[in-house]
Amino acid sequence: MTVPTRIVVTGSTGFLGRHLMPILQQRYRDQEVIGLSSRDYDLSSSTQADRMIVETKPDAIVHLAGYSGGIGANRAKPADFYYRNTLLTAHVFQSAASHRVRTLIYTMGGCSYPASALSPIDEQHMWDGYPFPDSAAYSMAKKMALVAADAYRTQYGLRSVVLVPGNMYGPYDNFRRDESHVIPAMIRRLVDAVHERADRVTMWGSGNPVRDYVYAGDVAANIPFFLEHDDSPGPVNLASGTQTRIRDLAECLKAIIGFDGQLCWDTSKPEGQDVRTYSVERMTRLGLSCPTPLRQGLEQTVDWFRANYAAAGDGLRI
């Protein structure tokens, strides 16, 4: 086991970053943990990626910076998702390797798995086909981290691990209209409906697809393991190992939020694959878990959103 002495977290003010930073600061109280955002360095610039490493001198990087959004945003702006994420991946791997950073931890979405992969999907099937078309531009850009990990390990000796969280949710998520993933989108619609005393809320799709939802705090709690264990494999799924139908998710949120109206389903809207869940065998063999029950995690997320919504009103920006 190797304990890093100086850790840089890119995207530290983003969704997963806000869960990760207090965990690292508590665990590595005698080391230095540096949280960075795009306000500090624009990592789409190779010059600034180099400058980040020269100025902060990390021996470990947790690279969370990325450009992400829900299925609607991915369909509307696929080129943006491809271009920005390709640059963010390529520049940080190149700069880390050229400046002899010891460890690089990278996260990518489970949407990068092939559309044809059978659930629960395990890591060995990553290259068996093309991702689901609606988010393929984003998915393939992120998936190139697996190629980068092998290439930079071979040529430079850079130790890197690619982690694959399931469908993350929790406090600090993106709740902006037309950009968010399914859970924050549902929460926003239902809370707004309660405020507006609406008698119905429209959800996207049929409600029949099945997903593996994982609390972001659980994912963050597992990351120190990969910073400290040089022999940990990659990629590794970090998921709950459970199956939840989207219609059941909506009913659960309706009850938590206290919306008394009707849920309507707009089948003209995209909803992604029918079933997408993840094998947790590799994660479990490493002694890791993502244990937060879905309802508990949803309650915590709703409580956080309501507290922040009350402060920021309709101009909420997370």
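A short tour of the structure in this document, coming up. Here the structure is a predicted model, which is why all the values come from computation and not from measurement.

This brings us to the packing of helix α4 (residues 78-98) against helix α5 (residues 136-156). When two helices pack together, you describe them by how their axes are tilted relative to each other and by the distance separating the axes. For the pair α4 and α5, interaxial distance at closest approach is 8 Å and the crossing angle is 15°. As summarised for this structure, α4 and α5 are arranged roughly parallel, according to the angle between their axes. Here α4 runs over α5; the crossing is right-handed. Contacts between α4 and α5 involve P78, F81, Y82, N85, T86, T89, F93, Q94, A97 and S98 from the first element and A137, Y138, A141, K142, A145, A148, A149, Y152 and Y156 from the second.

This brings us to unusual backbone geometry. When glycine is set aside, most residues are seen to have a negative phi, and most peptide bonds are trans. For the peptide bond that leads from S119 to P120, omega is -5°, which places it in the cis range. Within the element layout of this structure, P120 appears in the loop between β4 (103-107) and α5. For R100, which is not glycine, the phi dihedral falls at a positive 60°. With respect to the helices and strands, the residue R100 is situated in the loop between α4 and β4. By relative accessible area, R100 is classed as exposed at 60%. One non-glycine residue, R197, adopts positive backbone phi at about 55°. Turning to its location among the elements, R197 is positioned in the loop between α6 (182-196) and β7 (200-204).

The grouping of W127, M144 and V147 at the surface amounts to a nonpolar patch, some 300 Å² of accessible area in total. If you trace the backbone, W127 turns up in the loop between β4 and α5.

Helix length check: helix α8 (residues 246-257) (12 residues) gives 16 Å between terminal C-alpha atoms against 16 Å at 1.5 Å per residue, within 8%. The positive-phi residue at the C-terminal boundary of α8 is G258, with phi of around 85°.

So, about the sheet that holds strand β13 (residues 275-276). The strand order across the open sheet built from 3 strands is β11-β8-β13, with neighbouring strands paired in mixed fashion. Each having just a single partner strand, β11 (244-245) and β13 make up the two edges of the open sheet. One ladder, built from 2 bridges, connects strand β8 (residues 210-211) with β11; its direction is antiparallel. Bridged to V210 within β11 is R245.

Counted at 1.5 Å a residue, the expected span for α6 with its 15 residues is 21 Å, and the 21 Å between its end C-alpha atoms agrees. Regarding α6, the residues found buried are I183, P184, A185, M186, I187, R188, L190, V191, D192 and A193. Residue R197 follows α6 closely and has a positive phi angle near 55°.

Mapped onto the fold, P235 is located in the loop between α7 (216-228) and β10 (236-238). For the pair formed by P235 and R285, sequence separation is 50 residues and the distance between their alpha carbons is 14 Å. Not counting residues within four places of it along the chain, the set of residues in contact with P235 comprises E123, L146, V162, V164 and R282.

With respect to the secondary-structure elements, R189 resides in helix α6. Taking the relative accessible area as the measure of exposure, R189 reaches 27% and is therefore partly exposed. Ignoring anything within four residues of it in the chain, the contact list for R189 reads V201, T202, M203 and W204.

A sheet is described by the order of its strands in space; here 6 strands give the open sequence β2-β1-β3-β4-β5-β10, paired in parallel fashion. The open sheet is flanked by β2 (32-35) and β10, the only strands paired with a single partner. Taking each pair of neighbouring strands and ignoring which way they run, the sheet shows an average axis angle of 20°. Pairing analysis gives 5 bridges linking β4 to strand β5 (residues 159-165), with the strands arranged parallel. Bridge pairing links T103 to R159 in β5. The strands touched by helix α1 (residues 15-27) within the sheet are β1 (6-10), β2, β3 (60-63) and β4, with β2 carrying the most contacts at an inclination of about 165°.

The rules behind the values
Residues numbered from 1 in each chain as written. Predicted model: local features only at pLDDT ≥ 70, side-chain atom pairs only at ≥ 80, totals over all residues. Heavy atoms only, no water. Axes fitted to C-alpha atoms, helices over the stretch in contact; angles between N-to-C directions. Helix = DSSP H or I, 4+ residues; strand = E, 2+ residues; numbered from the N terminus. Parallel < 35°, antiparallel > 145°, perpendicular 65-115°, else oblique. Left-handed = near helix turned anticlockwise from the far one by under 90°. Contact = heavy atoms within 4.5 Å. Buried < 20%, exposed > 50% of the residue type's maximum accessible area, 1.4 Å probe, protein only. Patch = residues over 30% accessible without salt bridge, like charges linked within 9 Å, V, L, I, M, F, W, Y side chains within 5 Å. Areas by Shrake-Rupley, 256 points an atom, 1.4 Å probe, with all protein chains shown as cover. Salt bridge = Lys/Arg side-chain N within 4 Å of Asp/Glu carboxyl O. Expected span 1.5 Å × (residues − 1). Pairing = 2+ DSSP bridges.

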